[in-house]
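# Commentary on secondary and tertiary structure
Here is how the chains run, residue by residue.
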Protein chains: 2
Amino acid sequence: MGGDLAPKQVLDGVSLLLENLPDDVILVLYGDKSSVDLSILSHKSVEVVHTTQVIEMCQHPAKAFQSLTDSSITVGFQHLKQGKIDAFAGAGNTGAMLVGGMYTVKTIPGVIRPAITTMIPKEHGGYGVMLDVGANSDCRPDILLQFGLLGQLYAKFMLNIETPKIGLMNIGEEEEKGNLLTQATHKIMKETDSLNFIGNIEGRDLFNDKADVIVCDGFVGNIILKNTESFFRLLTKRKIKDEFFDRFNYEDYGGSPILGLNKPVIIGHGMSSPVAIQNMIKHAIGLCKSSLIEKIAAEFN
Amino acid sequence: MGGDLAPKQVLDGVSLLLENLPDDVILVLYGDKSSVDLSILSHKSVEVVHTTQVIEMCQHPAKAFQSLTDSSITVGFQHLKQGKIDAFAGAGNTGAMLVGGMYTVKTIPGVIRPAITTMIPKEHGGYGVMLDVGANSDCRPDILLQFGLLGQLYAKFMLNIETPKIGLMNIGEEEEKGNLLTQATHKIMKETDSLNFIGNIEGRDLFNDKADVIVCDGFVGNIILKNTESFFRLLTKRKIKDEFFDRFNYEDYGGSPILGLNKPVIIGHGMSSPVAIQNMIKHAIGLCKSSLIEKIAAEFN
């Protein structure tokens, strides 16, 4: 039921995926069962859990998550916690998805704060990641350090980058540049052995090869992400077709994982198209198969 | 002597400007007199002040400004302070230009911190401004409130927008959204009568018509600015020509004024081309003719 275009676009995305669903995957849909076509309902790898409530995009995340106990998000997270499903993905209320994750499956022991992680297309091919892009508006240096570790593990095990380069988003390359937060963060990132820290990067370095993992607080990351999305929209509106800029399309990767939770959780774009939904579910399957969560837990243990 | 391509590109920019210099303007150049062509030297509206030192782009701003007393930046600011010139513009070391302004002509009484201000091309025509884009990495709510006032006056008297709309860069439209700084800033911006505050805007709103003046701290603004510049560079590199995106070209307005100082000061891009230099000087002339500084001083009095 999640997203501005649900449930139709979500179900169309499911239909797309079902054409090529791996044999070892079962898709569990949470929502209004009466809206699901027979072609999906009757599929051998699909289960539908009927829910009667919906957390709207504008509702207060924590309040809605707790009061709407039969909403698709709340029931989904309960099932995730109980082990009835292995991963949960949704294009609904971002805050409710975040709160739901933290209330039910909880953060991995040792992780201070989970981070919403987005893919960044690189000019010379491939992807990097940027985190956090919205879960934590105010951060401390030790929290940003952990974002670096979370991103490093994602880049290694999901993007198959052997030794990911970790960069700190800042306003100058030199160590002493930045605000109080990034100055202090630079210091501890430089000192730790567990991070392949390459130093500060700047706003202009998002798409080049300097860093595979870009670390920032959720305030800065969210603004960068939305600024970048607005470029993509402007290009699309102006009918500019270009191989590189086409890769800005969030549909390609479908969603942003919340890293640092005990289970795989992915948040989709509120405007998710069927292609985006399909790729969001594939992304969730990839998270399960990579055992990324177990690897993060081992690192933070 | 300022910028990566000085003095050649700077002098080429001067030559361009001299073809159409208004009669009531005298251009005073600071730098190595031997590098100036006779065509410029002999021009009736040009004076050259020979200086023997240069503050390099990589030097520590405050130290260099104080020790290199015969540098083009230091001598220029002394002349500005003494009233020998009415405005000072340079494409050199940004920090030294900022420090120079604060040490010599100083901030307008009542202004807590000056702000570097950049032009933002709007999708449907015209420009807006964003400030601060790099002078103040850590800000307080009262400082951001003042940035709103400074930007409002610039938009009114330089961009001729009768009632400029002031927006606070944030990560959600709702009042309670944001980090501690923007939450507190929103509150005082909403309460003041002197600001035409339209509320929060987001990273996606940079180029639309929601706000004419975008307020943010220098850390966030610098990252947005460089992110935006990297888009322009990528488009240029990929040979994508487009009427709107062409307006991203900083050459068109030539430089970023430091608002809040007692005299007009403009910082040019380190890579300024002759066209950018020409437009930076025109921008400085515009600042003088608009009496913007006097209007800011009256507002803060």
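Note that the structure is a prediction, hence the values are computed from the model and not measured. Within every chain, residues take consecutive numbers counted from 1 along the sequence as written. Written order determines the labels here, with chains lettered from A and ligands numbered from 1. Owing to the predicted nature of the model, reporting of local features is limited to residues with pLDDT of at least 70; listing and counting of side-chain atom pairs is limited to 80 or more, with chain, interface and lining totals taken over all residues. In computing side-chain values, all of the structure's heavy atoms are included and hydrogens and water are not.

## Here's the deal with the interface of chain B and chain A
To be explicit about the condition: The criterion used for residue contact is that any of the two residues' heavy atoms lie within 4.5 Å. Two parts placed together each lose some accessible area under a 1.4 Å probe, and the buried area is that loss summed for both. When a carboxyl oxygen of Asp or Glu is within 4 Å of a side-chain nitrogen of Lys or Arg, the pair counts as a salt bridge. Nitrogen and oxygen atoms within 3.5 Å of one another constitute a polar contact, given that in protein one can donate a hydrogen and the other can accept it, and given that sequence-neighbouring residues count only through two side-chain atoms. Only DSSP runs of H or I covering at least 4 residues are called helices, and only runs of E covering at least 2 are called strands; the numbering of each starts at the N terminus.
At the junction of the two partners, chain B supplies 36 residues and chain A supplies 38 residues. Both sides of the chain B and chain A interface together cover about 3600 Å² of buried area, and 64% of this is carbon and sulfur. When residues of chain B are sorted by the area they lose upon contact with chain A, Ile-171, Phe-219 and Phe-231 of chain B head the list and together hold 18% of the total. Where chain B packs against chain A, one counts six salt bridges. Ionic pairing is found between Asp-242 of chain B and Arg-238 of chain A, a salt bridge with its closest N-O pair at 2.7 Å. Counting across the interface, chain B meets chain A through 14 residue pairs in polar contact (both at pLDDT 80 or more). Those elements that provide at least two residues to the side of chain B that touches chain A are α7 (180–191), α8 (218–237) and α9 (243–246) of chain B. For the side of chain B that touches chain A, the element with the most residues is α8 of chain B, which contributes 14 residues.

## Some points on the sheet that holds strand β4 (residues 115–121) of chain A
Remark on secondary structure: sheet strands pair via backbone hydrogen bonds, oriented parallel or antiparallel. Residues and elements named next belong to chain A. Stated precisely, the cut-off is as follows: Paired strands are those between which DSSP finds at least two bridges. Only the contacting stretch of a helix is used when fitting its axis, a line to C-alpha atoms as for every element, and angles between N-to-C directions run 0 to 180 degrees.
With mixed pairing, the eight strands of this open sheet are ordered in space as β3-β10-β9-β4-β5-β8-β6-β7. Edge positions in the sheet fall to β3 (88–90) and β7 (197–201), since each has one partner strand and no second. Going from strand to strand, the sheet's axes swing by 25° on average, the running direction of each strand aside. Sheet topology note: the β4/strand β5 (residues 127–131) ladder contains five bridges and is antiparallel. Counted as the bridge partner of Met-119 is Val-129 from β5.

Spatial relationships are all this shows, so hold off on functional conclusions.
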